[in-house]
Amino acid sequence: MTSKQKQKGAPALPLNAILEGDCIEMMNSLPEESVDLIFADPPYNLQLKGDLHRPDNSKVDAVDDHWDQFSSFAAYDKFTREWLAAARRILKPNGAIWVIGSYHNVFRMGAELQNQGFWILNDVVWRKSNPMPNFRGKRLTNAHETLIWASKSEKAKYTFNYEALKALNEGIQMRSDWVLPICNGGERLKDENGEKAHPTQKPESLLHRVILGTTNPGDVILDPFFGTGTTGAVAKMMGRNYIGIEREEAYRKVATKRLAAVRPYDKEALQVSTSKRAQPRVPFGQLVERGFLRPGDELHSLNKRHKAKVRADGSIVGGEVKGSIHQVGAALEGAPSCNGWTYWCVKRDGKEVPIDDLRQQIRSEMGN
């Protein structure tokens, strides 16, 4: 049975909406294999024992909400097992999931991810540049949280915009330790009484990095613990579709107001850097077919040591060597391999023009 046949008659996907209710029930009501990415910030099960106070005896506004309280580790594990199973059902075969947690729960989630067949791709340390101090002075300051990024299966062809994240990091490979501030200042949402609307609101910068790196415009991102809607807000800005699930009315109210004020980026701003491997393939022979090069044209190596002649079939000949632009370049240099596109150039109006520039002209016509 095909995926289309399985989904025939299934309820429509409620895009760009906040669903009211239990996350497990709501996910189980959605069509199977319908979501591209899940970002989950579940209850951490902090196990707080009494109030937390600063040295001046003032009370710390810590997470003591009822939704973060479980009777035992067994109860928390059962909850984790059930919501991850529901999440796995609605993920597309090439979909992926991000979960975030602290030392209280992230190891338990990591084990359950593997138990259910997810394939862990990375764990990311979000190092908080402005963490809350440790007021009791009996432990190290908790200055980070951990994110786990996992594909639905080992063979899944998940989305990873490597070049986009590299560009975001000033041309350097993005590492798995992210230094970002916690949500504070003007970004921290307040309720009608001027109090924090949510105790663990995540910064938009964190979701920007996740969404930029692991989704594409138009993808569907589901957040089963929507809270005040950070995932939805960033998804909307970046041209993605979101589905939020939130059982607490107060959070839904804040998230709805927040999302109504979000303006999506324009289409041009959503374009991101891509690797050359992600661009359409253009054979060298197409340059000859299209007249960008003519049979008999002479190519020169950029190091000015070698030359070769273009043939009608898209091969070239240099000295006694015949073959592709890559094969001839490698043979002339005595190297095991050669990228002919960056090795050869042709003279145009007295200037040396890399043949890769000619290839890019063709690609630009193809909309890439």
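One can find the structure itself at the top, above this paragraph.
Residues numbered from 1 in each chain as written. Predicted model: local features only at pLDDT ≥ 70, side-chain atom pairs only at ≥ 80, totals over all residues. Heavy atoms only, no water.

1. With respect to the overall build of the protein chain
Counted only if it meets this: Runs of E in the DSSP output that reach at least two residues are strands. Runs of H or I that reach at least four are helices, and both are numbered from the N terminus. Any residue under 20% of the maximum accessible area for its type is buried, any over 50% is exposed, and the rest in between are partly exposed; the area is computed with a 1.4 Å probe on protein chains only. Areas reported here follow the Shrake-Rupley algorithm with a probe of radius 1.4 Å; residue values treat only the protein chains shown as occluding.
Counting its secondary structure elements, the protein chain contains twelve helices and 14 strands. Taking all 368 residues of the protein chain together, 43% fall into the buried category. Total accessible area on the protein chain stands at roughly 20,100 Å², and carbon and sulfur atoms take up 49% of it.

2. Quick word on the packing of aromatic side chains
Which entries qualify depends on this criterion: Aromatic rings from Phe, Tyr and Trp, with only the six-membered ring used for Trp, were paired whenever their centres fell within 6.5 Å, and each pair was classed as stacked if the ring planes differed by under 30 degrees, edge-to-face if by over 60, and tilted otherwise.
In the structure shown here, the tally under the stated rule is eleven aromatic pairs. With a centroid separation of 4.8 Å and an interplanar angle of 90 degrees, the aromatic rings of Y343 and W344 are classed as edge-to-face. Accessibility assignment for this pair places Y343 and W344 in one class, buried. Taken together, the ring pairs in this structure connect W98, W149, Y158, F160, Y162 and W178 into an aromatic cluster.

3. Observations concerning the packing of helix 6 (residues 204-214) against helix 7 (residues 230-237)
Using the following cut-off: Axis definition: a line fitted to C-alpha atoms, over the contacting stretch in the case of helices. Angles run 0 to 180 degrees between N-to-C directions. Oblique is the label for any angle not under 35 degrees, not over 145, and not in the 65 to 115 range, which are roughly parallel, roughly antiparallel and roughly perpendicular in turn. Throughout, a crossing is termed right-handed when the near helix is turned clockwise from the far one, and left-handed when it is turned anticlockwise from it by less than a right angle. Note on definitions: a residue-residue contact is assigned when non-hydrogen atoms from the two residues lie within 4.5 Å.
Between helix 6 and helix 7, the shortest axis-to-axis distance is 9 Å and the interhelical angle comes to 55 degrees. Regarding the angle of helix 6 to helix 7, the classification is oblique. Once helix 6 is placed against helix 7, the crossing between them reads as right-handed. Between helix 6 and helix 7, the contacting residues are E204, L207, H208 and I211 on the first element and T230, T231, A233, V234, A235 and M237 on the second.

By themselves these figures say nothing about function.
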